[in-house]
Amino acid sequence: MTRSETLFCVAMLFVLGAGWGMTMPLTKIAVSTGYKHFGLLFWQLAIGVLVMSTIALVRGTRLPLGAAQLRVYVLIALIGSVLPNTASYQAAVHLPAGVLSILLSMIPIWAFPIALTLGLDRFEWMRLGGLVAGLCAVLLIVLPGADMSGTIPVFWVLIGLISGLFYAFEGNYVARWGTAGLDPIQVLWGASLVGTLIALPLALSSGQWIDPRPPFGAPEQALVASSILHVLTYTGYVGLVGRAGPVFAVQISYLVTLFGILWAWLILSEAYPPVIWAALVLMLVGMYLVQPRRKPALDEDPAIRETGL
């Protein structure tokens, strides 16, 4: 890439990281007045469907509906939206937004042992060190005295970790079994549609339905903003991967965590004791150690090129 292209990609990385990080405090605001997880989940997915449909219309994208594609939509809807977001909304009621951001950054750390289990990666001591660093960060968060008001509830930290674990499963599922010829935009669009159909009866039967009629207060506005940001940042991330490569784009994980804490401080006035900052440093170290490394390109062999083999 040229220097200007590199600067553009770096700028995009920061913009997308800032947008993605913003969804953490917005989620905290959305649950602040008692809205429950299934109701929030339905409207998040429904808003996402509207945005994705608009993007697809502009791009001229169609949604394949073969058996293989439907299977992908259902699986991604479950492990990429319904299950992790249900856990995330419940944890957001009990945990600070900054802590949620730190827990979510466990995604690349969880992904490593899952990839080993599926035979998608090879063992490396440095990446094992990253896994250990991430787990130590979690232990620091749940230690008594880590929260200024006493202790952060261990149970809800574990629930918060479920979200990142499912996202890690999602990434490895795609790497192992593919997406039946679908591009990332089609996957997100189809999964959002299926997720909406799953979430609607859950919201209605559980009594967690949220009336969409105005007036709209801060929680409703936060839910809409978070849903739109999620779709736009994901779409931008897919574009960044195509333009700069996955090794460069995966660095967004650091920025999502850092911006999540920054926005929580600016918007929610959250303050953290030294132990939480130490956990953040450990988590960032763990993310660095487990991230994939750029493979050096092999020099072309003139003999092979000349013989056409």
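Residues numbered from 1 in each chain as written. Predicted model: local features only at pLDDT ≥ 70, side-chain atom pairs only at ≥ 80, totals over all residues. Heavy atoms only, no water.

(A) Looking closely at the overall build of the chain. Helix and strand content of the chain: 13 helices and 0 strands. Starting at the N terminus and walking to the C terminus, you meet the elements of the chain as α-α-α-α-α-α-α-α-α-α-α-α-α. Taken over C-alpha atoms, the radius of gyration comes to 20 Å for the chain, in line with the 19 Å a tight globule of 309 residues would show. Projecting the C-alpha coordinates of the chain onto the three principal axes gives extents of approximately 70 × 45 × 40 Å. Taking all 309 residues of the chain together, the buried fraction comes to 48%. Expressed as a percentage of contacts within the chain between residues at least 6 apart in sequence, the contacts between residues at least 24 apart total 87%. Surface summary for the chain: the accessible area is close to 15,400 Å², and the carbon and sulfur share equals 70%. Both charge centroids of the chain, one from 15 positive and one from 13 negative side chains, sit 4 Å from each other. (Helix = DSSP H or I, 4+ residues; strand = E, 2+ residues; numbered from the N terminus. Rg over C-alpha atoms; globule rule 2.2 N^0.38 Å. Buried < 20%, exposed > 50% of the residue type's maximum accessible area, 1.4 Å probe, protein only. Contact = heavy atoms within 4.5 Å. Areas by Shrake-Rupley, 256 points an atom, 1.4 Å probe, with all protein chains shown as cover. Lys, Arg positive; Asp, Glu negative; His and termini not counted. Charge placed at Lys NZ, Arg CZ, Asp CG, Glu CD.)

(B) Structural detail: the packing of helix H2 (residues 37–59) against helix H9 (residues 218–244). Contact pair H2 / H9: the axes reach a minimum separation of 9 Å and the direction vectors enclose 45°. In terms of orientation, H2 and H9 fall into the oblique class. Crossing handedness for the pair H2 and H9: right-handed. Contacts between H2 and H9 involve Leu40, Trp43, Gln44, Ile47, Gly48, Val51, Met52 and Ile55 from the first element and Leu223, Val224, Ser227, Ile228, His230, Val231, Leu232 and Thr235 from the second. Of the residues that constitute the contact of H2 with H9, the class distribution is 11 nonpolar, 5 polar and no charged. (Axes fitted to C-alpha atoms, helices over the stretch in contact; angles between N-to-C directions. Parallel < 35°, antiparallel > 145°, perpendicular 65-115°, else oblique. Left-handed = near helix turned anticlockwise from the far one by under 90°. Nonpolar A, V, L, I, M, F, W, Y, C, P; charged D, E, K, R; others polar.)

(C) Main features of the environment of isoleucine 276. Along the chain, the position of isoleucine 276 falls in helix H12 (residues 274–290). Expressed as a C-alpha distance, the spacing of isoleucine 276 and tryptophan 263, which sit 13 residues apart in the sequence, is 16 Å.

(D) Molecular detail of helix H5 (residues 107–117). All of the buried residues in H5 are Pro108, Ile109, Trp110, Phe112, Ile114 and Ala115. Elements in contact with the buried residues of H5: helix H6 (125–142), helix H7 (154–177), helix H11 (252–268) and H12. Backbone geometry just after H5 places glycine 119 at a positive phi near 75°.

(E) Quick peek at the packing of helix H4 (residues 97–104) against H11. Between H4 and H11, the least distance of the axes is 8 Å, while the angle of their chain directions is 175°. The angle between H4 and H11 places the two elements in the roughly antiparallel class. From H4, Ala97, Gly98, Ser101 and Ile102 reach across to H11, where they touch Thr257, Gly260, Ile261, Ala264 and Leu268.

(F) Region of the structure containing the packing of aromatic side chains. Scanning the model with the defined rule gives 9 aromatic pairs in all. A centroid spacing of 4.9 Å and a plane angle of 80° characterise the contact between phenylalanine 155 and tryptophan 156, whose relative ring orientation is edge-to-face. Assessed through its relative accessible area of 51%, phenylalanine 155 is described here as exposed. Accessibility expressed as a relative area gives 19% for tryptophan 156, which makes it buried. Seen in terms of ring centroids, tyrosine 173 and tryptophan 177 are 5.5 Å apart; in terms of plane orientation they differ by 35°. Their pairing is tilted. Of this pair, tyrosine 173 and tryptophan 177 are both found in helix H7, 4 residues apart, which corresponds to roughly one turn of the helix. Three or more aromatic residues joined by ring pairs make a cluster, and in this case those are Phe42, Trp43 and Trp209. (Phe/Tyr/Trp six-rings, centres within 6.5 Å; stacked < 30°, edge-to-face > 60°.)

(G) Quick look at the pattern of salt bridges. In this structure the tally under the stated criterion is 3 salt bridges. For arginine 122, the salt bridge goes to glutamate 124, with nearest N and O atoms at 3.4 Å. Its relative accessible area of 57% is what places arginine 122 among the exposed residues. A residue is classified by how much of its surface remains accessible, and glutamate 124, at 22% relative accessible area, is partly exposed. (Salt bridge = Lys/Arg side-chain N within 4 Å of Asp/Glu carboxyl O.)

(H) Expanded view of a nonpolar patch on the surface. On the surface, a cluster of nonpolar side chains totalling about 380 Å² of accessible area is made up of Leu262, Trp265, Leu266 and Ile267. When you line up the elements, tryptophan 265 lands in helix H11. (Patch = residues over 30% accessible without salt bridge, like charges linked within 9 Å, V, L, I, M, F, W, Y side chains within 5 Å.)

(I) Summary view of the environment of histidine 37. Secondary-structure assignment places histidine 37 in helix H2. In sequence terms histidine 37 and alanine 203 are 166 residues apart; their C-alpha atoms lie 8.3 Å from each other. With sequence-adjacent residues up to four places away left out, histidine 37 is seen in contact with Thr86, Tyr89, Gln90 and Gln208.

(J) Quick look at unusual backbone geometry. With an omega dihedral of 10°, the bond running from proline 214 to proline 215 counts as a cis peptide bond. Assignment of secondary structure puts proline 215 in the loop between helix H8 (184–205) and H9. Phi is positive for alanine 180, which is not a glycine, with a value near 55°. Along the chain, the position of alanine 180 falls in the loop between H7 and H8. Positive phi, normally seen in glycine, also occurs at serine 269, with a value near 60°. Of note, serine 269 is situated in the loop between H11 and H12.

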